Amino acid sequence: MFGLKGERMSRTMVNKYTSEIFNEIYCNSNEYKAYNLGLAVAYSYLYEYVKSSAGQKTADKIIRDITKSKEPYCEMLNKIIELSNKEPETNAEKIAEKMFECKNN
C-alpha cells in the first residue's frame, strides 16, 4: 500500500512539473503571442465601436473593466487605445489620419 501511494505522489509531481514546463514553452510561443495580439485588436475594435456609439467615457469604463487582469493582451490593448486616442503631432501624421478617415467614409 505504501508503494502505491508514493508512486502516485511522484507521478503527480512529474505531471505538475511537466505541466509547468509546457506552460512556460507555450507562453513563449508565437501562437500564444499572436493569440494575445488578436484579442487586443478585437477588443480595440469593440472600444472604437462603443466610443463612436456611446461616447469615450463609456468606452473607457468598459475597457477599464476588461483590462483589470494581468493577461498579456491587456497591456497590448492599453497601448493600442492610447495610440488611437493620441492626437497627430506631425504634418505627416495629420495627412495620414485624414487619408485614413477618407478611406473609411
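Residues numbered from 1 in each chain as written. Predicted model: local features only at pLDDT ≥ 70, side-chain atom pairs only at ≥ 80, totals over all residues. Heavy atoms only, no water.

### Comments concerning the confidence of the model for the chain
Working step 1: Across the chain, the average pLDDT comes to 86, with 90% of residues at or above 70.
Working step 2: Mean pLDDT across the secondary structure elements of the chain bottoms out at helix H5 (residues 91-104), with 77, and peaks at helix H2 (residues 30-54), with 95. (pLDDT = per-residue confidence, 0-100. Helix = DSSP H or I, 4+ residues; strand = E, 2+ residues; numbered from the N terminus.)

### Digging into a nonpolar patch on the surface
Working step 1: A cluster of nonpolar side chains, contributed by Tyr 17, Ile 21 and Ile 25, occupies part of the molecular surface with about 310 Å² of accessible area.
Working step 2: Mapped onto the elements of the fold, Ile 25 is located in helix H1 (residues 2-27).
Working step 3: Residue Ile 25 is classed as exposed on the basis of its relative accessible area, which comes to 55%. (Patch = residues over 30% accessible without salt bridge, like charges linked within 9 Å, V, L, I, M, F, W, Y side chains within 5 Å. Areas by Shrake-Rupley, 256 points an atom, 1.4 Å probe, with all protein chains shown as cover. Salt bridge = Lys/Arg side-chain N within 4 Å of Asp/Glu carboxyl O. Buried < 20%, exposed > 50% of the residue type's maximum accessible area, 1.4 Å probe, protein only.)

### What about the nonpolar core?
Working step 1: Counting residues in hydrophobic clusters, the biggest one holds nine residues: Ala 40, Tyr 47, Val 50, Ala 59, Ile 63, Tyr 73, Cys 74, Leu 77 and Ile 81.
Working step 2: Listed by contribution, the elements that provide at least two residues to this core are H2, helix H3 (56-66) and helix H4 (72-85).
Working step 3: The element contributing the most residues to this core is H4, with four residues.
Working step 4: Once residues lying within four places of it in the same chain are set aside, the contact partners of Cys 74 are Ile 66, Thr 67 and Ser 69. (Core = buried A, V, L, I, M, F, W, Y, C linked by side-chain atoms within 4.5 Å. Contact = heavy atoms within 4.5 Å.)

### As for the packing of aromatic side chains
Working step 1: For the coordinates displayed, the defined rule picks out three aromatic pairs.
Working step 2: Here the aromatic rings of Tyr 43 and Tyr 73 are separated by 5.7 Å at their centres, their planes lie at 25°, and the arrangement is stacked. One end of the pair, Tyr 43, is in helix H2; the other, Tyr 73, is in helix H4, with 30 residues separating them in the sequence.
Working step 3: Relative accessible area serves as the criterion here: at 27%, Tyr 43 is assigned to the partly exposed category.
Working step 4: By the ring-pair criterion, three or more aromatic residues cluster together here, those being Phe 22, Tyr 26 and Tyr 32. (Phe/Tyr/Trp six-rings, centres within 6.5 Å; stacked < 30°, edge-to-face > 60°.)

### Points about the environment of Ser 84
Working step 1: Tracing the backbone through its elements, the reader meets Ser 84 in helix H4.
Working step 2: Residue classification places Ser 84 among the partly exposed positions, given a relative accessible area of 38%.
Working step 3: Within polar-contact distance, the side chain of Ser 84 engages the backbone oxygen of Ile 81 at 2.9 Å. (Polar contact = N/O pair within 3.5 Å; in protein donor to acceptor, adjacent residues only side chain to side chain.)

### Observations regarding the side chain of Ser 44
Working step 1: Tracing the chain through its elements places Ser 44 in helix H2.
Working step 2: Look at Ser 44 and you get buried, because its relative accessible area is 11%.
Working step 3: Excluding its chain neighbours within four sequence positions, the residues that come into contact with Ser 44 are Leu 77 and Ile 80.

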